[in-house]
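Observations on chain architecture
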Amino acid sequence: MKNPLEWIRERFYAEPDEEELFPPAPNLEHLPEPYLVRFGLHPVQEPAQVIGRDGEDGELKAIEKALSQWKSRHRPLLLAAEQGVGATSLLNAALPLLPQPRFFLEDKERITSREELLRALLPALGVEGAESLDGLAAVAFESPRVVIFESLERLLLRRIGGYDLLRDFLHFINATREKIFWIATINDYSLYFLDRAMNLGENFQTRTVSPLSDSQIRAAIEERNEGFETRFLKSDGFSQRRKRQLAKMDAAARQESLGEHFFEQLLKFAGGNISRAIVFWLAAAQGVMEHKVYLKAPHVPEPQESRLEELLVLEAVFQHTSLSFDEVEEVFHYSSHNGRALLDNLLSRGWLYPRKLRSGVQEYQINYWYLHELKKLLKNKLNRNIP
Amino acid sequence: MIRKPLYRRLAGATALLALPVPLLAQGERSDSWADFIEGLKNLIPGSMEDAFLDSLKDNPGLLVEVLFALPVVLGGTYLLTQLIKWLITQAANRSNRHRVQWLRAYPIVRLVAWAIAIGFLLQLLLRDHWGIFILGLVIVVAVVSKDGLRDLLSGLWLTVERPFSVGDRITASGYYGEVKDIGLRATTVNTLDDSMVSIPNSFILNNAIANANAGHNYCMVVTELWLPIDADLRRARRIAYEAVISSPYLNLDQPVKVLVFDHFREQLATVIKVKAYVLDTQYEKLFQSDVAEAAKQAFRREGVYGSLVD
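Residues numbered from 1 in each chain as written. Chains lettered and ligands numbered in written order. Predicted model: local features only at pLDDT ≥ 70, side-chain atom pairs only at ≥ 80, totals over all residues. Heavy atoms only, no water.

Overview of the overall build of chain B
Basically, it comes down to this: Helix and strand definitions here come from DSSP, where helices need a minimum of 4 consecutive H or I residues and strands a minimum of 2 consecutive E residues; each element is numbered from the N-terminal end. Only protein chains enter the accessibility calculation, which uses a 1.4 Å probe; a residue whose area is less than 20% of its type maximum is buried, one above 50% is exposed, and one in between is partly exposed. Residue burial considers only the protein chains on display, and all accessible areas are found by Shrake-Rupley using a 1.4 Å probe.
Across its full length, chain B holds 11 helices and eight strands. Counting only residues that meet the buried cut, chain B has 42% of its 310 residues in that class. A total accessible area of about 16700 Å² is found for chain B, and carbon and sulfur atoms account for 61% of it.

This is the structure we're talking about:
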């Protein structure tokens, strides 16, 4: 006879099977290159292609309003956005609305010292030869400028002395805010940390880049898929009853029903994050033939139980958006735990993945497959009141 | 599942034991007794037509009721409270954010379960003078062992008044640790060196108790950093502050204070007290150690210790 407590444990607290623990690998080899290009995770460059940011309450209007307020109050703007929600695309769309001279300092290079910061700022301000940030701040401009600084958190390393660069940059922004309209972006988790650790929000007027609505996500996905017909396949998780219902339908009704179910799952998984919607779509795409794409909703894994030390490393990655092995070692340098080994564990679980090289350094960031699930995990296990 | 032959053997043994008892029985059959037997019949498979239970239902006898009802009700209540405790512990482990709230619920649920069970038994027992006799006996035993009674009443009072709950960090009788259980006789505290200390409830009720987190899952942690009296305070303060905000154990939603004091007793010194909240009381000492270690390394690296340390 089975122990009743064991029965309850199995029934309500069952461990998932091994194959359910990892995110499905997209069938990229079955998808033609032109199709994959449409579903890349790179930001949208064409302003017209950016979806859901216009309108009276939209982010584009908010940027215009912040600009007009800056003319009298000289307050820089901080855009806080969840990773993958489309902040860079938004900035690409906002650029034509901003007056010249303007400069978009994209998050393509690492900035880890005052010298690197100065080197990055010189072209942004159109100045040659300044030898220090103070010297650069003293330069006079003929007309006001707009400078967009992407990913403020790249100036941070969470350790003693690791806040100096960000502090210097904030001083620089304050020293130049009358002649430069600064727009900075930051990851929402970094803002949560920095707002509490060093009152970052006090230096800016802050606007959160909101998640896209379900209809906007669907429109964005369908736009990328334009020119291809969709064929929805039965999901592995369908019950016998559902399969029987589908068998009774004619082909068109079956496709419609399967399509609705597919999008329902996609939108639920995406939670307003376009990057999550794209990875779901790619994992669902079984192949493309004669301009028809075959889609089957993938299994969505839940993150496994994890040790406290792994969660702490994970949180550090959230706070910095991405970290290299060496940086993890530095953040946890006085810890008895091997940060590198912990990062390895997280990589092997598929919670993190390698980011495109920046300044020749390999960094790791949160896998979109787990973005919301891991946030929820940290919220619960580390008692964080993240939004 | 209970097998019928086993049940029949148990019933037969009980009937043998109870044989002389009906002679002593004075009471009438009560509705709650009949309900209780009906409940037993529903619980035990295949016993709906059982003649023994039917006869017991119609002609109980007080001590037969006691023999049946006492072990079944007390045992059942005990099992039920253990099951609830297990479920609550599982829920607390799964939802760390609400861990303390879950653990706080258990003493109340347990009290209610026992109150219902004892109320039911009293209702059966107090029908006649035998019941009053037994109750009197219980009271006499309780008064004789009056420390036990005092602890019991204190335990009830602690459960109702709740100056602290399971999961809180308290200091009582010189012991500091996490409250693991508030029993009816004693409160069990798990100290930081992992000893389980059982403190009588009457002692707790009559003495001052310090509660570090008062029902929250976080608590304030004060870390003292000792420096030479002539240390560069500006630099030392910055290091101390950054050591705290960089600690992964910090509760970010609570304020951080860095205070500086002079110490003039045995030796001249500057003491930096860092007051911050740990994200979970379980990590209190890890947090303290983390801040102290990081700050000391930085003090040394940046020469804040001066000539004291090479």
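Considering the overall build of chain A
Note the following rule: Only heavy atoms matter for contacts: two residues are in contact if any of them lie within 4.5 Å across the pair. Neither His nor the chain ends contribute to the count of charged residues, in which Lys and Arg are positive and Asp and Glu negative. To locate a charge, take NZ of a lysine, CZ of an arginine, CG of an aspartate or CD of a glutamate.
Within chain A, the secondary structure is distributed over 16 helices and 11 strands. A total of 387 residues make up chain A; the buried ones form 53% of that total. The contacts of chain A with a sequence gap of at least 6 include a subset with a gap of at least 24, amounting to 74%. As presented, chain A carries roughly 18500 Å² of accessible surface, and 49% of it is formed by carbon and sulfur atoms. Each charge class in chain A was averaged separately, 49 positive and 56 negative side chains, and the resulting centres sit 4 Å apart.

Re the pattern of salt bridges
Residues and elements named next belong to chain A. Just so we agree on the cut-off: Think of a salt bridge as a Lys or Arg side-chain nitrogen and an Asp or Glu carboxyl oxygen that are within 4 Å of each other.
The final tally for this structure, using the stated rule, is 33 salt bridges over all chains. Linking arginine 358 and aspartate 107 is a salt bridge whose minimum nitrogen-to-oxygen distance equals 2.2 Å. Taken together, the residues arginine 358 in the loop between strand 10 (352-354) and strand 11 (364-366) and aspartate 107 in the loop between strand 2 (102-105) and helix 5 (114-125) connect sequence positions 251 residues apart. Both residues of the pair, arginine 358 and aspartate 107, belong to the buried class. Overlapping salt bridges, with partners in common, bring together Asp107, Arg110, Arg154, Glu327, Arg355, Arg358 and Glu363 in one network.

Quick notes on the interface of chain A and chain B
Counted only if it meets this: When two parts are put together, the accessible area they lose, computed with a 1.4 Å probe and summed over both, is reported as buried area. Nitrogen and oxygen atoms within 3.5 Å of one another constitute a polar contact, given that in protein one can donate a hydrogen and the other can accept it, and given that sequence-neighbouring residues count only through two side-chain atoms. Each residue is assigned to one class: nonpolar for Ala, Val, Leu, Ile, Met, Phe, Trp, Tyr, Cys and Pro, charged for Asp, Glu, Lys and Arg, and polar for all the others, Gly among them.
Counting from both sides, the interface comprises 31 residues of chain A and, opposite them, 36 residues of chain B. A combined buried area of about 3000 Å² lies between chain A and chain B, and 51% of that area is made up of carbon and sulfur atoms. At the junction of chain A and chain B, the tally comes to two salt bridges. For the salt bridge of A:Arg167 with B:Glu242, the shortest nitrogen-to-oxygen distance reads 3.0 Å. Across the chain A-chain B interface, the total number found is 12 residue pairs in polar contact (both at pLDDT 80 or more). Secondary structure elements with two or more residues in the side of chain A that touches chain B: helix 1 (4-12), helix 7 (164-176), helix 8 (188-198), helix 13 (308-320) and helix 16 (371-381) of chain A. Its residues placed into classes, the side of chain A that touches chain B shows 14 nonpolar, seven polar and 10 charged.

What to know about helix 5 of chain A
This is how the line gets drawn: To estimate the expected span of a helix, subtract one from its residue number and multiply by 1.5 Å.
Between its first and last C-alpha atoms helix 5 of chain A spans 16 Å; for 12 residues at 1.5 Å apiece the expected length is 16 Å, and the two agree. Every buried residue of helix 5 of chain A is listed here: A:Leu117, A:Leu118, A:Ala120, A:Leu121, A:Leu122, A:Ala124 and A:Leu125.

Quick look at the pairing of strand 7 (residues 285-289) of chain A
One face of the sheet, then the other: side chains in a regular strand alternate in exactly this way. Residues and elements named next belong to chain A. Our working rule: Two strands pair under a simple rule: DSSP has to find at least two bridges between them.
As defined by bridge partners, strand 7 adjoins strand 8 (residues 292-295) across four bridges and the pair is classed as antiparallel. Opposite valine 288, over in strand 8, you have valine 293 as the bridge partner. The hairpin turn running from strand 7 into strand 8, its antiparallel successor, is two residues long, and glutamate 290 in that turn takes a positive phi close to 45 degrees.

A word on the environment of A:Gly271
Residues and elements named next belong to chain A. Relative to the helices and strands, glycine 271 resides in the loop between helix 11 (251-270) and helix 12 (274-284). A C-alpha to C-alpha distance of 9.8 Å links glycine 271 and valine 85, two positions 186 residues apart in sequence. Glycine 271 has contacts with Pro211 and His372, leaving out every residue within four places of it along the chain.

Some remarks on the confidence of the model for chain B
All names here are of chain B. What counts here: Residue-level confidence of the predictor is what pLDDT reports, using numbers from 0 through 100.
Per-residue pLDDT for chain B has a mean of 78; in total, 77% of the residues score no lower than 70. Across chain B, helix 10 (residues 233-245) holds the top mean pLDDT of 94, while helix 2 (residues 21-24) sits lowest at 42. Note that pLDDT drops below 50 for residues 16-27; the model gives that stretch 13 contacts with residues more than four away or on any other chain. Predicted complex, confidence summary: ipTM 0.85, pTM 0.76.

Let's talk about the sheet that holds strand 6 (residues 219-227) of chain B
Residues and elements named next belong to chain B. The line we're drawing: Orientation is described by lines fitted to C-alpha atoms, with helices fitted over the stretch in contact, and by angles between N-to-C directions that extend from 0 to 180 degrees.
The antiparallel open sheet is built from three strands, whose spatial order is 6-8-7. Looking at strand neighbours, the two that pair on one side only are strand 6 and strand 7 (257-263), the edges of this open sheet. For this sheet the average axis-to-axis angle between neighbouring strands, irrespective of direction, equals 25 degrees. Bridge analysis of strand 7 against strand 8 (residues 269-278) gives seven bridges, and the strand direction is antiparallel. When the sheet's bridge partners are listed, valine 260 is paired in strand 8 with isoleucine 272. Strands in contact with helix 11 (residues 284-301) are strand 6 and strand 8; relative to strand 6, the strand with the most contacts, it is inclined by about 25 degrees.

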